[in-house]
Amino acid sequence: AEAVPGAVWQDLDETVIEEYITKRSDRQRRRVEGEPAEVLMEIGAVDAQHRPTTSGILLFGKNPQHFFPQSGLVFVKFVGTEPRGEDGHAGYGRREEVGGPLARIIEDAWAIIWEEMTVGAVVKGLEREEVTEYPAFAVREALVNAVGHRDYRLKGRRIEIRMYADRMEVISPGGLPGFITVDNIVEEHFSRNPRLVSSLFQWGYIEELGLGVDRMIEEMVSQGHPPPEFKSRPHMFTVVLYNSRERKVAPAWEKSMNER
């Protein structure tokens, strides 16, 4: 909620602001009243003097990376299962740097991932069904969580998405927030950046607050993959999605069953 030193209203992108207001109106099913400056003040994106705050620059800035270089994202597609190739050199086939406000980072990163995901097929009964290498919801949830929950105070590292032949890793700077641990991440919910998360929810990038991790696990398992792996370190949190080349699709009724 703190004003960003040197930032002024002109550093905000009016097109992105209008998009947010439109999406929020659609989600609430009623028109958002007030001038853009009033709406942004309500959500903490600007202060009483209309100076952009940290959340305001991250959500609506024309060039947030000018103020927060760490707020971008790096995508790397590796050829094999390790960062280095057989010759000892870098083993990646594609590397992209993604910037802009958070909504654009999510959209652009998702577009890159979608391009790189393998599309296969499974047979259910007599029907052939195309499936992506990873469940779309699981990938988007990991991506949106990384953008919404990372620690933006850490200046030395951006979000990283690493796609290997057998897995995808979504690496978010900053450890798990509050009282959240790897053991209770499904049952408990805590937001490091509540203003960002609330805005991304109103924008439509988060479907239901607090239920994403549960569904991520369900989607992975129901499509024949291992459950996601969560790795927590003091200054880094990683979600690992493994793909199963020999996939066995779970029957539809299993989606409504608990583990027992």
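Structure shown above.
Residues numbered from 1 in each chain as written. Predicted model: local features only at pLDDT ≥ 70, side-chain atom pairs only at ≥ 80, totals over all residues. Heavy atoms only, no water.

K.L.:
Outline the packing of aromatic side chains, supporting the account with residue identities and numerical values.
P.N.:
The description of an aromatic ring pair rests on the distance of the ring centres and on the angle between the ring planes. Summed over all chains, the structure comprises eight aromatic pairs. Consider the rings of F78 and Y164, whose centres lie 4.7 Å apart with planes at 10°: the pair is stacked. You can see F78 sitting in strand 1 (residues 73-78) and its partner Y164 sitting in the loop between strand 5 (159-163) and strand 6 (167-173), a full 86 residues away along the chain. Between W203 and Y205 the ring centres are 6.2 Å apart and the planes differ by 45°, which places this aromatic pair in the tilted class. With relative accessibility at 3%, the residue W203 sits in the buried group. Cluster of aromatic residues (ring-pair linked, three or more members): Y20, F60, W203 and Y205. Of note, R150 hangs over the ring of Y152, and the distance from its end group to the ring centre comes to 4.8 Å. (Phe/Tyr/Trp six-rings, centres within 6.5 Å; stacked < 30°, edge-to-face > 60°. Helix = DSSP H or I, 4+ residues; strand = E, 2+ residues; numbered from the N terminus. Buried < 20%, exposed > 50% of the residue type's maximum accessible area, 1.4 Å probe, protein only. Lys NZ or Arg CZ within 6 Å of the ring centre and 35° of its normal.)

K.L.:
Lay out the packing of helix 1 (residues 14-28) against helix 7 (residues 194-203) with the relevant residues and their values.
P.N.:
Remark: helix 1 packs on helix 7, axes separated minimally by 7 Å, with the N-to-C direction vectors making an angle of 70°. Between helix 1 and helix 7, the interaxial angle falls into the category roughly perpendicular. Contact residues: helix 1 offers V16, E19, Y20, K23, R24, R27 and Q28, while helix 7 offers S199, F201, Q202 and W203. By residue class, the composition of the contact of helix 1 with helix 7 is four nonpolar, three polar and four charged. (Axes fitted to C-alpha atoms, helices over the stretch in contact; angles between N-to-C directions. Parallel < 35°, antiparallel > 145°, perpendicular 65-115°, else oblique. Contact = heavy atoms within 4.5 Å. Nonpolar A, V, L, I, M, F, W, Y, C, P; charged D, E, K, R; others polar.)

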